[in-house]
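Observations on the model geometry
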Amino acid sequence: MKISADDIIEQENSKAVKTNKDKDDSKVVHEDNLELSELKFSERQKIKRDRIKANMEGMNKHEKIKYLIMYFKWYGIISIIVLIAIIYTGYCVYQSNRPIALSYAVVNCRDQEGFNRAFEEDYKETFGMTDKKYKLERDLDIFLGNPINPNDMEDKDYINVTKLSTMCFNDYFDVFIMDELGVKCAANTGILFPLTTYFSDDLYNKLKPYEYYAIDNDEQLSPVALDISDTEFAKSLNLYDKVYIGFAGREDTNYLNSLRMINYSLGLNLELTTDGRPKLK
């Protein structure tokens, strides 16, 4: 036999318990979820409203407010948690989808506080990327090579190479800014693309005056970086006496940002296009 809403209200009201333990104690009507589940939504809501009214019977204004806060607090807490999760997820999606003006790493930056990154805003302005939708990413925590013996790799070098290899595999960086030690280590471990592989023959010929050779992972002497040491840009960074830039990103966005950095640092006017670029493995 179907139980009516009035029958359940009468049953619940009969379960009310009164105690004098504390001034704030009041009649408490407990819900039977099994019985409520058999009713329609509108009937369940009516029962809940009637139960609240029954529980607040005889309470003063202060006690009613306290009761309502305690009754609905979990609804509020859960709603806030869900809202925060939605906002945070939306923010993360927005951040991850923002176009990157430049993603660079400074290898062997031993004075991170002294490193001058004031160029970043000027770089973005130069290429019309001042809109807030563009983001610029940097990593100053990569250290490669043994300063005492460049041919000897320490345990921490292997850790850094593993980290770098993974990030480069995912085309995270556009440009590496390095000292000579960093170039040699990065070239020997295969992190950097040789210039002859990364650029077309025509573009490579334009960059030849700046090329720097190091032993690559095939034990061959290859042009793996550009020497920008004499530029005003390199001197403004406050890094090392000799400054080089190398490239490891395979995507078109990596390539275009590499061309932008070359133009910016060397004062060239290379065409910002992917036409004619070699295919990379």
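Residues numbered from 1 in each chain as written. Predicted model: local features only at pLDDT ≥ 70, side-chain atom pairs only at ≥ 80, totals over all residues. Heavy atoms only, no water.

Looking now at the nonpolar core. Counting residues in hydrophobic clusters, the biggest one holds 37 residues, and the most contacted among them are Y104, F119, I177, F199, I245, F247 and I262. Those elements giving two or more residues to this core turn out to be strand 1 (100–107), helix 5 (119–126), strand 2 (135–142), strand 3 (175–178), helix 8 (195–198), helix 9 (201–207), helix 10 (232–236) and helix 11 (252–266). Of the residues forming this core, the biggest block, 7 residues, is contributed by helix 11. Ranked by size, the runner-up nonpolar core spans 22 residues in total, among them V107, F176, I191 and A225. (Core = buried A, V, L, I, M, F, W, Y, C linked by side-chain atoms within 4.5 Å. Buried < 20%, exposed > 50% of the residue type's maximum accessible area, 1.4 Å probe, protein only. Helix = DSSP H or I, 4+ residues; strand = E, 2+ residues; numbered from the N terminus.)

What follows covers a nonpolar patch on the surface. A cluster of nonpolar residues, W74, I77, I78, I81, V82 and I86, forms a patch on the protein surface that exposes about 600 Å² of accessible area. Tracing the backbone shows I86 in helix 4 (residues 61–97). (Patch = residues over 30% accessible without salt bridge, like charges linked within 9 Å, V, L, I, M, F, W, Y side chains within 5 Å. Areas by Shrake-Rupley, 256 points an atom, 1.4 Å probe, with all protein chains shown as cover. Salt bridge = Lys/Arg side-chain N within 4 Å of Asp/Glu carboxyl O.)

Take the confidence of the model for the chain next. Looking at the chain, the pLDDT average stands at 79 and 77% of residues meet or exceed 70. Segment residues 15–30 is flagged for pLDDT under 50; beyond a separation of four residues in sequence, or across chains, it makes 24 contacts in the model. (pLDDT = per-residue confidence, 0-100. Contact = heavy atoms within 4.5 Å.)

The next point concerns the sheet that holds strand 1. Spatially, the 6 strands line up as an open sheet ordered 2-1-3-6-5-4, and their pairing is mixed. If you trace the sheet from one side to the other, it starts and ends with strand 2 and strand 4 (211–215), each paired once. Strand after strand, the sheet turns through a mean of 35° between neighbouring axes, direction not considered. With 6 bridges joining them, strand 1 and strand 2 adopt parallel strand pairing. Paired with V107 across the strands is I142, a residue of strand 2. Running over the sheet, helix 7 (residues 180–188) touches strand 1, strand 3, strand 4, strand 5 (221–227) and strand 6 (244–246) and is turned about 55° from strand 4. Contacts between helix 11 and the sheet are confined to strand 1, strand 3, strand 5 and strand 6, with strand 1 contributing the most and set at about 70° to the helix. (Pairing = 2+ DSSP bridges. Axes fitted to C-alpha atoms, helices over the stretch in contact; angles between N-to-C directions.)

Below, the discussion takes up the side chain of D171. With respect to the element layout, D171 can be found in the loop between helix 6 (155–169) and strand 3. Among the residues examined, D171 registers a relative accessible area of 14% and is labelled buried. In terms of polar contacts, D171 uses its side chain to reach the side chain of R250, at 3.0 Å. In contact with D171, not counting residues within four places along its chain, are A248, G249, R250, E251 and N254. (Polar contact = N/O pair within 3.5 Å; in protein donor to acceptor, adjacent residues only side chain to side chain.)

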